[in-house]
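For reference, the chains in residue letters:
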Amino acid sequence: MDSSSSLWNSCIQPRNNAMNNFQLKCSNGHPLNAVSSHDGVAGSSIAKEDSKTQPIEASFPLSDASECIGSNLSITVVGASGDLAKKKIFPALFALYYEDWLPENFIVYGYARTKMTDEELRNMISRTLTCRIDKRENCEDKMDQFLKRCFYHSGLYNSEDDFSDLDSKLKEKECGKDSNRLFYLSIPPNIFVDVVKCASLKASSRNGWTRVIVEKPFGRDSESSRELTRCLKQYLTEEQIFRIDHYLGKELVENLSVLRFSNLVFEPLWCRNYIRNVQLIFSEDFGTEGRGGYFDNYGIIRDIMQNHLLQILALFAMETPVKVLRSMRQIQLEDVVVGQYKGHNKSGKSYPAYTDDPTVPKDSLTPTFAAAALFIDNARWDGVPFLMKAGKALHTRRYRIFPLL
Ligand SMILES: NC(=O)C1=CN([C@@H]2O[C@H](COP(=O)(O)OP(=O)(O)OC[C@H]3O[C@@H](n4cnc5c(N)ncnc54)[C@H](OP(=O)(O)O)[C@@H]3O)[C@@H](O)[C@H]2O)C=CC1
Ligand SMILES: O=C1O[C@H](COP(=O)(O)O)[C@@H](O)[C@H](O)[C@H]1O
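Residues numbered from 1 in each chain as written. Chains lettered and ligands numbered in written order. Predicted model: local features only at pLDDT ≥ 70, side-chain atom pairs only at ≥ 80, totals over all residues. Heavy atoms only, no water.

If you check an unreviewed UniProt entry, the protein appears there as glucose-6-phosphate dehydrogenase (NADP(+)) from Stylosanthes scabra. In the Sequence similarities (unreviewed entry) part of its UniProt record, the protein is described as follows: "Belongs to the glucose-6-phosphate dehydrogenase family." (UniProt positions renumbered as here; feature names shortened; annotations may be inferred.)

Structure below.
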């Protein structure tokens, strides 16, 4: 499985498998178990359901920016020029389209400050779409059809006028039909509120639902996270907000939950008597590559450890019901090591330092590597260190959790 495709952990109906007994909840209370296709992309039955309840009329040949399409689901990817959008969101949307999980008359709008035409957006996206889905039938044709439904609007994240212009373009495509609108915020969290404000005031759906997907990290610490929620709720209800962490959709994580809770053999062994330490390793063999605008303000601890790895730790260590995070000892500075990758040469190839990335300030001290020992003070895990390591631009690409017996 290409890990870049395991996105779209949206709040959907549970599928009929072992996970049904273990129902995760989305941030707004909807069940979160993902409907995965074979490459790990999960489908949203929300979109599909709505396509059933709203009659679909004949499709139009698409492509022109001013064409009326009658779209009944308009998806806007905010931050469409960025890494997440390219690597995961557009490929995941294509996979949903390919698997027939989207309503017939959907459209996708890319939105960002970078100036681009529709054609340039399509070229950018087409470089990252692959026909990697098991059924490869008609994949190229499907790609062309998908790309014809993609459009672009350039604007600022805090400009109501720019979102008003987006609204006009969406309306043109919707041609007065009942249409739902989904905004996927593929941008740094410090601009979430600006976007939500402008989108909700100027580009909400008039006659259908408007929903917003926000990416991790949700703020920098608990105070800013609470503040973020408070600010988002000035413009949206909790039911409209979908907080996403794509690690919950990864096969490794789903398997871990099943292994833990459906396998009685492990239950008595899963504790301090048999496990000396637990290692959680996230290692990437590539650096930030133009993501300094986001990454440099957050660093590896907020980017990876606090959310992805902590969730895996919680799934590994938790009792049912969940109490484990409350039993965690406050982390001590002497139990943490941080670092930043430097440039080097290997096999005649030179690799840039973090601060060589043009989007990163030259004097940045943001950590790109961190290792920490965490402790859970409860009867099951007393004295067992959980060793978390995460880093960018390391030797290998691997994601692992393993108990040392
Ligand atoms: N990349 C990944 O694999 C993953 C990322 N995420 C999350 O997605 C979000 C975006 O990450 P990613 O796409 O990697 O980040 P990028 O740095 O690629 O940022 C996305 C886009 O946001 C705009 N942008 C970047 N920095 C700023 C800034 N400081 N102020 C205003 N606009 C800015 C840029 O668009 P423009 O200049 O055109 O406006 C950029 O193309 C983050 O919350 C991240 O945690 C989650 C899972 C995986
Ligand atoms: O959330 C993030 O995840 C990616 C790694 O996810 P993967 O599914 O591609 O393995 C990481 O590169 C990025 O820094 C981070 O924001």
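**Quick notes on the packing of helix H2 (residues 83–98) against helix H4 (residues 139–148)**
Where H2 meets H4, the closest approach of the two axes is 10 Å, and the angle between their N-to-C directions is 115°. Here H2 is positioned roughly perpendicular relative to H4, judged by the angle of their axes. Here H2 runs over H4; the crossing is right-handed. Where H2 approaches H4, its residues Phe90, Leu93, Phe94, Tyr97 and Tyr98 are matched on the opposing element by Cys139, Lys142, Met143, Gln145 and Phe146. Looking at the contact of H2 with H4, its residues break down into eight nonpolar, one polar and one charged. (Axes fitted to C-alpha atoms, helices over the stretch in contact; angles between N-to-C directions. Helix = DSSP H or I, 4+ residues; strand = E, 2+ residues; numbered from the N terminus. Parallel < 35°, antiparallel > 145°, perpendicular 65-115°, else oblique. Left-handed = near helix turned anticlockwise from the far one by under 90°. Contact = heavy atoms within 4.5 Å. Nonpolar A, V, L, I, M, F, W, Y, C, P; charged D, E, K, R; others polar.)

**Looking at the nonpolar core**
Residues Val77, Phe90, Leu93, Leu121, Phe146 and Leu185 are the most contacted members of the largest nonpolar core, which totals 61 residues. Residue contributions to this core peak at nine residues, all from H2. Not counting chain neighbours up to four residues away, the residues in contact with Phe146 comprise Phe90, Leu93, Phe94, Tyr97, Phe106, Ile125 and Leu129. (Core = buried A, V, L, I, M, F, W, Y, C linked by side-chain atoms within 4.5 Å. Buried < 20%, exposed > 50% of the residue type's maximum accessible area, 1.4 Å probe, protein only.)

**Brief notes about the packing of aromatic side chains**
Considering all chains together, one arrives at 18 aromatic pairs under this definition. With a centroid separation of 5.8 Å and an interplanar angle of 40°, the aromatic rings of Tyr97 and Phe146 are classed as tilted. Placement of Tyr97 in helix H2 and of Phe146 in helix H4 is noted, with a sequence separation of 49 residues between them. Taken as a pair, Tyr97 and Phe146 share a single burial class, namely buried. The ring of Tyr98 carries the charged tip of Lys142 above its face, separated from the ring centre by 6.0 Å. The ring of Tyr298 carries Arg220 above its face, with NZ or CZ at 5.8 Å from the centroid. (Phe/Tyr/Trp six-rings, centres within 6.5 Å; stacked < 30°, edge-to-face > 60°. Lys NZ or Arg CZ within 6 Å of the ring centre and 35° of its normal.)

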